[in-house]
Amino acid sequence: MKIGKTIREADWRAIASRCVGVFVLIAAVLIAARLCGASTPADHPIPNIFDPHSTPAELIHRLSRFVLGITGLIFLVVFCLLSYVVVKFRSRVAWAEREPPQVYGSTQIELAWTVIPILIVVVLFLATARVIHGIQDVPKPAGVVEVTAIGHQFWWEFRYPELGIVTANELHIPLSDPTHPTPTFVQLLSADTDHSFWVPQLAGKTDLIPNRVNETWLDPHEAGLFLGQCAQYCGTQHAKMLLRVYVDGPDDFRAWVREQQQPANQDGKQIDGRQVFESTACLNCHAIAGTNGTGRFGPDLTHLMSRHTIAAGAADNTPENLRSWIQNPDTIKPGSLMPAMKLSDTELDALVRYLETLH
């Protein structure tokens, strides 16, 4: 009897510790969400689904809070009932030789645990369907900015067909005026395998699938930098397939468009570096307007130095990182598909100096 009592007390302590663990986990999640919502430096924002800045993201955010509220209430009810049963009907020495009362089928209980879950599922389904309709079936107004986003292993290509702009990894879109919305519609394509376009504060995840055209749209209400990520495993460097979305005010966006529409800088002082580019395998993958380079396998370099990062956000765009990236990409992004160029120091220095002129 003493051994049986010890075991029952140990079981009780284990149940209590699990309950405490659940509460600690919930508290940690809430604290983390609160910390994610705190202000962060403008140049290092944290992607946060609880801090939406675009119409699609706000719709998803409201739905998420609604679903979390319902599931949280279900958890609370079940947890309280379970705690009550564990405490009230815990094993006692006096009950060691007694069998608990046997309760057979109850019509009321069976109806409750059948009808209530069905109603909850129906409500969640209708709320979700409404948000999906509100995001996917939005008509495209006239005069919107259209972008074609192409996913590559492991970088993003952005093309503005109507503006004649090609860039990589850093997407610039205009701020949308709530009184006269000017959303940006993004056509999503894949050049190789499955990818997923996800900028948590601007829109939900949308897949890029080979031989299929998907679309999403962004309607940002605040200017600034928003970080995104490929959200579909696509190979070795999937984790470093980052993207940066710059939401520019109307004047800033027009200025950026004018700069990107300019031809590549042809600095005569850096002719040696241009010759290195045109005489090596660089031009097979990369394009620079005004040169023999017309490759499409790698990012367009016409305005390389207008970007803040290289290697799809894996490193800051500095001369030192650019030199390391060209000489041996594995030092920054192991497993990337860019080959090590193995240039001499003289050729490498000349090429880097030439690339630095491409603003």
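As shown above, the structure is provided for reference.
These lines cover the structure that appears in this document, whether it is placed above or below.

The rules behind the values
- Residues numbered from 1 in each chain as written.
- Predicted model: local features only at pLDDT ≥ 70, side-chain atom pairs only at ≥ 80, totals over all residues.
- Heavy atoms only, no water.
- Pairing = 2+ DSSP bridges.
- Helix = DSSP H or I, 4+ residues; strand = E, 2+ residues; numbered from the N terminus.
- Axes fitted to C-alpha atoms, helices over the stretch in contact; angles between N-to-C directions.
- Buried < 20%, exposed > 50% of the residue type's maximum accessible area, 1.4 Å probe, protein only.
- Arc of directions from axis to C-beta.
- Contact = heavy atoms within 4.5 Å.
- Salt bridge = Lys/Arg side-chain N within 4 Å of Asp/Glu carboxyl O.
- Phe/Tyr/Trp six-rings, centres within 6.5 Å; stacked < 30°, edge-to-face > 60°.
- Lys NZ or Arg CZ within 6 Å of the ring centre and 35° of its normal.

Attention now goes to the sheet that holds strand 1 (residues 145-152). Taken in spatial order, the five strands line up as 3-2-1-5-8 in an open sheet, and their pairing is mixed. A strand with exactly one partner marks an edge of an open sheet, and here the two such strands are strand 3 (165-168) and strand 8 (214-218). Across the sheet, the mean angle from the axis of one strand to that of its neighbour is 25 degrees, orientation sign disregarded. Note: strand 2 (residues 155-160) against strand 3, four bridges, orientation antiparallel. Note that in strand 3 the partner of Tyr160 across the bridge is Ile165.

Along helix 4 (residues 250-260), the residues that are buried comprise Phe253, Trp256, Val257 and Gln260. Angular distribution of buried residues about the axis of helix 4 spans 100 degrees; they occupy a single face of the element. Where the residues of helix 4 are buried, they touch strand 1, strand 2, strand 3, strand 4 (170-174) and strand 10 (242-248).

Another aspect to go through is the pattern of salt bridges. Within the structure shown, the criterion is met by seven salt bridges. Here Glu278 makes a salt bridge to Arg274, at a shortest N to O gap of 3.4 Å. Of this pair, Glu278 and Arg274 both sit in helix 5 (residues 271-279), separated by four residues, roughly a single helical turn. What makes Glu278 partly exposed here is its relative accessible area of 23%.

Moving on to the pairing of strand 5 (residues 184-190). Among the seven residues that make up strand 5, five are buried, leaving the element largely enclosed by the rest of the structure. Relative to strand 5, strand 1 runs parallel, the two being bridged by seven bridges. Opposite Glu146, over in strand 5, you have Phe185 as the bridge partner. Of the strand pairs in this sheet, strand 5 and strand 8 are connected by five bridges, and their pairing is antiparallel. Residue pairing in the sheet places Val186 in a bridge with Thr216 of strand 8.

The strand order across the open sheet built from five strands is 4-10-9-6-7, with neighbouring strands paired in mixed fashion. Since the sheet does not close on itself, it has two edges, and those belong to strand 4 and strand 7 (206-208), each with one partner. Going from strand to strand, the sheet's axes swing by 25 degrees on average, the running direction of each strand aside. When strand 4 meets strand 10, the two strands line up parallel, connected through five bridges. Bridging across to strand 10, Glu170 finds its partner in Arg244.

Attention shifts here to the packing of aromatic side chains. For any pair of aromatic rings, the description rests on two quantities: the centre-to-centre distance and the angle between the ring planes. On inspection of all chains with the given rule, the structure shows five aromatic pairs. An angle of 20 degrees between the planes, with centres 6.3 Å apart, marks the rings of Phe185 and Trp217 as stacked. Here Phe185 is found in strand 5, whereas its partner Trp217 is found in strand 8, with 32 residues between them in sequence. Across the pair, exposure class does not vary: Phe185 and Trp217 are buried alike. Taken together, the ring pairs in this structure connect Tyr160, Phe253 and Trp256 into an aromatic cluster. Cation over ring: Lys205 sits above Trp198, and NZ or CZ is 5.2 Å from the ring centre.

Fair warning: the whole summary comes from geometry, so function is off the table for now.
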